[in-house]
Amino acid sequence: MPREWKIKIQDWPIKSTSKYTAIVKSIKKDGKNISVTLEHTEGDLAGMETLLQLPGTIMPGNVTAKFFSVCGLDIIPDQSISPKNTIGKSIKVRYKKTDNQWQASEFFSVSSDDPNLF
């Protein structure tokens, strides 16, 4: 009788202290959220894609505003932005593990490692 074929499922090779460089591949409205696809360009994650779900409401200082800011868009209350202008932008992302899943926790400009400069 042939042996049963099994493959071990491995966790992502992510360190919560590292920043990973990625390019914004796509962005779209997804109900009340914004779906962003990132393609990683360096290290162990090179070539892998990550799907982010960001809150659809943008307010200065929230995670969605920080994402758009590091992509080079100005976040000014009562003004509008064009989310598609983020496609092709290179950013850095830090992940943290919550509920046994890796999620983007901080965004950084590729020209600065300070998450407060956005």
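The structure contained in this document is the topic of the report that follows.

About the cut-offs
- Residues numbered from 1 in each chain as written.
- Predicted model: local features only at pLDDT ≥ 70, side-chain atom pairs only at ≥ 80, totals over all residues.
- Heavy atoms only, no water.
- Pairing = 2+ DSSP bridges.
- Helix = DSSP H or I, 4+ residues; strand = E, 2+ residues; numbered from the N terminus.
- 1 Å grid on protein atoms, 1.4 Å probe; cavity = no way out; pocket = protein on both sides within 12 Å on 5 of 7 lines; lining within 4 Å.
- Points joined across faces, edges and corners; volume = space filled by probe spheres on them.
- Nonpolar A, V, L, I, M, F, W, Y, C, P; charged D, E, K, R; others polar.

This part is about the pairing of strand β1 (residues 20-30). Relative to strand β4 (residues 90-98), β1 is paired through four bridges, and the arrangement is antiparallel. Following the sheet pairing, A22 is matched in β4 by I91. Here eight bridges tie β1 to strand β2 (residues 33-40), and the two strands are oriented antiparallel to one another. Looking at β2, one finds that K28 is bridged to S35. Here β1 folds back onto β2, and the loop between the two strands holds two residues, one of which, G31, carries a positive phi near 65°.

Estimates place the volume of the largest pocket at around 410 Å³. In this structure, the largest pocket is lined by 21 residues; those nearest its centre are T50, L51, W102, Q103 and A104. Taken together, the elements giving at least two residues each to the lining of the largest pocket come down to β3 (49-55), β4 and β5 (101-109). Ranked by residues supplied to the lining of the largest pocket, first place goes to β3 with seven residues. Split into classes, the residues belonging to the lining of the largest pocket amount to 12 nonpolar, six polar and three charged. As a volume, the second largest pocket reaches approximately 150 Å³. Lining of the second largest pocket is provided by I58, M59, P60, D74, I75, I76, P77, D78, Q79, S80 and I81.

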